[in-house]
Amino acid sequence: MSRFLFYLILINTLTNMVSITPRILISGSDSGTIISMGLALIFGISLTYFLVILFSRFPGQGLPEILKAYTPKWVATPVLLFMGAAWYFAGLFTLMIYTFIIIRFLTPEMSIYTIVLTFALVVTYGVLMVTKNILYMSEIIFILVVPFIVFVQIKGYLSPTLNWDYIRIALMQVNQLPDYGAFTSSLFIVVGTANLVIFNRFFTTLKKPTPKGMALLTLTCTYILATTYFLPIGFGGFDSLDNALYPWIMTSDSIRMKFGVIERIVFIFIGAFLALGVVSIIMHWHISIQLLSSVFHFKRFKWKSFNLTLPLFIVFYWVVAMILTRTMTVEGLYRTVEMYDDIVLPVMLILLVGCLLLAKKGAASKWRESKKL
């Protein structure tokens with residue numbers, strides 16, 4: 001498996017560690033979160049393998065090219081519109097979550113408009129980059145940031161203030177029936193492979209998953225998902241996390257660097273995840289714009305020789321982002337993300353797999369017709 005495919009999956013996985021996902025998992029700690037995470041890992045890794053196999057049959061092609069070539073227009077157009085909206089809101093939720101984190105923990109006096117506009121300057125530049133350059137940028141950020149995040153996690157596991165009894169109590173809930181909300185939230189963490197809907201254009205020779213690669217990916221996702229759930233419980237218990245908006249921020253603030261330059265690492269920790277969050281937003285919105293522009297491309301909407309379709313989408317994205325970030329509460333965002341995970345995510349995955357299978361069948365039919373000729 002290509003290392004860039006790992007980046008697509010792991011950046012999506014890590015970004016959700018400090019988002020609303022831990023709260024959703026912990027809120028279902030007494031109603032089947034453990035078995036839900038296990039099922040989500042099995043289903044997510046199997047889906048990853050299946051999607052890579054399907055996309056490898058269309059080397060160098062994104063979902064727009066695949067659907068337009070091998071499916072009817074009445075199938076391709078609504079699917080691309082739905083997918084584009086789904087990826088936009090996935091990026092928007094990340095933007096809103098990190099905006100609220102910055103206001104709450106870093107700059108409580110700063111205007112929310114200033115924070116969103118700062119995001120706009122960085123994200124807009126990244127969204128309009130060439131697809132392969134986004135992957136190269138993600139590799140640089142990943143190499144710089146992830147070692148520090150892993151170091152903090154390991155230090156958390158070795159901390160004397162970590163209460164392993166809380167973790168044992170959480171593990172004892174393994175006999176509970178699965179919780180649908182915990183399952184879909186866990187599944188969202190491990191489905192970064194779906195980003196191949198556009199990034200498959202970069203993989204002109206996408207290799208089929210190897211047993212070694214799948215084993216490494218399974219171990220990595222299992223570690224991240226388990227750490228996302230268990231480590232906050234080990235530091236905060238159950239009662240203190242019932243109303244915690246960001247369990248992982250509280251957890252990072254419980255870890256001390258006794259001989260470090262900065263004893264409280266929470267600020268550096270937030271900064272590290274902020275870098276991953278920006279990359280995640282860029283990926284999601286780049287995919288969204290590419291999907292939507294494959295349906296709506298205004299040929300006459302030009303300034304000199306430059307087509308203004310993509311800038312038009314960018315302006316629309318930021319207007320919607322500014323309005324929703326200003327009007328939505330943290331609790332409202334929490335409920336909205338739950339609904340997205342429970343409804344939009346399963347529909348999106350079903351549509352993606354179904355369309356790829358349909359395109360595969362269409363490609364096989366065209367190949368048989370060409371052989372007859």
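Residues numbered from 1 in each chain as written. Predicted model: local features only at pLDDT ≥ 70, side-chain atom pairs only at ≥ 80, totals over all residues. Heavy atoms only, no water.

Some words on the overall build of the protein chain
Counting its regular elements, the protein chain contains 15 helices and two strands. Relative to the compact-globule value of 21 Å for 373 residues, the protein chain shows a C-alpha radius of gyration of 21 Å, a close match. In terms of overall dimensions, the protein chain has a C-alpha envelope of 75 × 50 × 35 Å along the principal axes. A burial count over the protein chain gives 53% of its 373 residues as buried. Expressed as a percentage of contacts within the protein chain between residues at least 6 apart in sequence, the contacts between residues at least 24 apart total 85%. Of the roughly 17300 Å² of accessible surface on the protein chain, 68% is carried by carbon and sulfur atoms. Taken together, the 28 basic and 15 acidic charged side chains of the protein chain have centroids lying 20 Å from each other. (Helix = DSSP H or I, 4+ residues; strand = E, 2+ residues; numbered from the N terminus. Rg over C-alpha atoms; globule rule 2.2 N^0.38 Å. Buried < 20%, exposed > 50% of the residue type's maximum accessible area, 1.4 Å probe, protein only. Contact = heavy atoms within 4.5 Å. Areas by Shrake-Rupley, 256 points an atom, 1.4 Å probe, with all protein chains shown as cover. Lys, Arg positive; Asp, Glu negative; His and termini not counted. Charge placed at Lys NZ, Arg CZ, Asp CG, Glu CD.)

Some words on the packing of aromatic side chains
Using the criterion set out here, one finds 22 aromatic pairs in the structure. Relative to Y136, the ring of F4 has its centre 5.6 Å away and its plane inclined at 65 degrees; by these criteria the two rings are edge-to-face. In this pair, F4 sits in helix α1 (residues 3-15) while Y136 sits in helix α7 (residues 131-158), placing the two residues 132 residues apart along the sequence. Each member of the aromatic cluster is reached from another via a ring pair, and the members are Y88, F89, F93, F188, W285, F313, Y317, W318 and Y340. (Phe/Tyr/Trp six-rings, centres within 6.5 Å; stacked < 30°, edge-to-face > 60°.)

Here we look at the packing of α1 against helix α11 (residues 211-236)
In contact at an axis separation of 11 Å, α1 and α11 are set at 10 degrees when each is read in the N-to-C sense. In terms of orientation, α1 lies roughly parallel with respect to α11. Facing F6, I9, L10, T13 and L14 of α1, the residues of α11 in contact are G213, L216, L217, T220, C221 and I224. Here the contact of α1 with α11 is built from residues that sort into eight nonpolar, three polar and no charged. (Axes fitted to C-alpha atoms, helices over the stretch in contact; angles between N-to-C directions. Parallel < 35°, antiparallel > 145°, perpendicular 65-115°, else oblique. Nonpolar A, V, L, I, M, F, W, Y, C, P; charged D, E, K, R; others polar.)

Focus: the environment of L274
With respect to the secondary-structure elements, L274 resides in helix α13 (residues 266-293). Considering only alpha carbons, one finds L274 and L231, 43 residues apart in sequence, at a separation of 20 Å. Each residue touching L274, except ones within four places of it in the same chain, is listed here: Y98, I102 and F119.

Some points on the packing of α7 against α13
If you want to describe how two helices pack, look at the angle between their axes and the distance between the axes. Interaxial distance between α7 and α13 falls to 10 Å at its minimum, and their mutual angle equals 155 degrees. One element, α7, and the other, α13, form an angle in the roughly antiparallel class. Relative to α13, α7 is oriented so that their crossing is left-handed. Contacts between α7 and α13 involve T131, I134, M137, S138, I141, V145, F148, I149 and V152 from the first element and I268, F269, A272, F273, A275, L276, V279, I282, M283 and H286 from the second. Here the residues of the contact of α7 with α13 are counted per class, giving 16 nonpolar, three polar and no charged. (Left-handed = near helix turned anticlockwise from the far one by under 90°.)

Regarding a nonpolar patch on the surface
Judged by side-chain polarity, I154, L158 and Y223 come together as a nonpolar surface patch covering roughly 300 Å² of accessible area. Of note, Y223 is situated in helix α11. (Patch = residues over 30% accessible without salt bridge, like charges linked within 9 Å, V, L, I, M, F, W, Y side chains within 5 Å. Salt bridge = Lys/Arg side-chain N within 4 Å of Asp/Glu carboxyl O.)

Observations concerning the nonpolar core
Grouped together as the largest cluster of nonpolar side chains are 132 residues, with contacts concentrated most on F119, W285 and W318. Ranked by the residues each element gives to this core, the list is headed by helix α5 (residues 73-106), at 18 residues. Not counting chain neighbours up to four residues away, the residues in contact with W318 comprise L95, V116, F119, A120, V123, T124 and W285. (Core = buried A, V, L, I, M, F, W, Y, C linked by side-chain atoms within 4.5 Å.)

What to know about the pattern of salt bridges
Applying the stated rule across the entire model yields six salt bridges. Close ionic contact of E65 with R201 constitutes a salt bridge, the shortest N to O distance being 2.9 Å. Of this pair, E65 sits in helix α4 (residues 63-70) while R201 sits in the loop between α10 (196-199) and α11, and the two are 136 residues apart along the sequence. A salt bridge links D165 to R168; the shortest N-O distance between them is 2.8 Å. With D165 and R168 both in helix α8 (residues 164-171) and three residues apart, the pair spans about one turn of that helix.

As for the environment of L162
Locating L162 in the fold gives a position in the loop between α7 and α8. Of the residues examined, L162 reaches a relative accessible area of 6% and is grouped as buried. A C-alpha to C-alpha distance of 23 Å links L162 and L219, two positions 57 residues apart in sequence. Leaving out residues up to four positions away in the same chain, L162 has contacts with G156, Y157, I167, L231, G234 and F235.

A closer look at helix α9 (residues 180-189)
Since one α-helical turn is 3.6 residues long, residues separated by three or four positions face the same way. α9 sits mainly inside the fold: eight of its 10 residues count as buried. Three or more residues of α9 are buried, namely G181, A182, T184, S185, S186, L187, F188 and I189. Structurally, the start of α9 carries an N-cap: the backbone nitrogen of G181 is 3.3 Å from a side-chain oxygen of D179. (Polar contact = N/O pair within 3.5 Å; in protein donor to acceptor, adjacent residues only side chain to side chain.)

What to know about the confidence of the model for the protein chain
Predicted confidence across the protein chain gives a mean pLDDT of 85, with 92% of residues reaching 70 or more. Taken element by element, the protein chain is modelled with least confidence in strand β1 (residues 302-303), mean pLDDT 69, and with most confidence in α10, mean pLDDT 91. (pLDDT = per-residue confidence, 0-100.)

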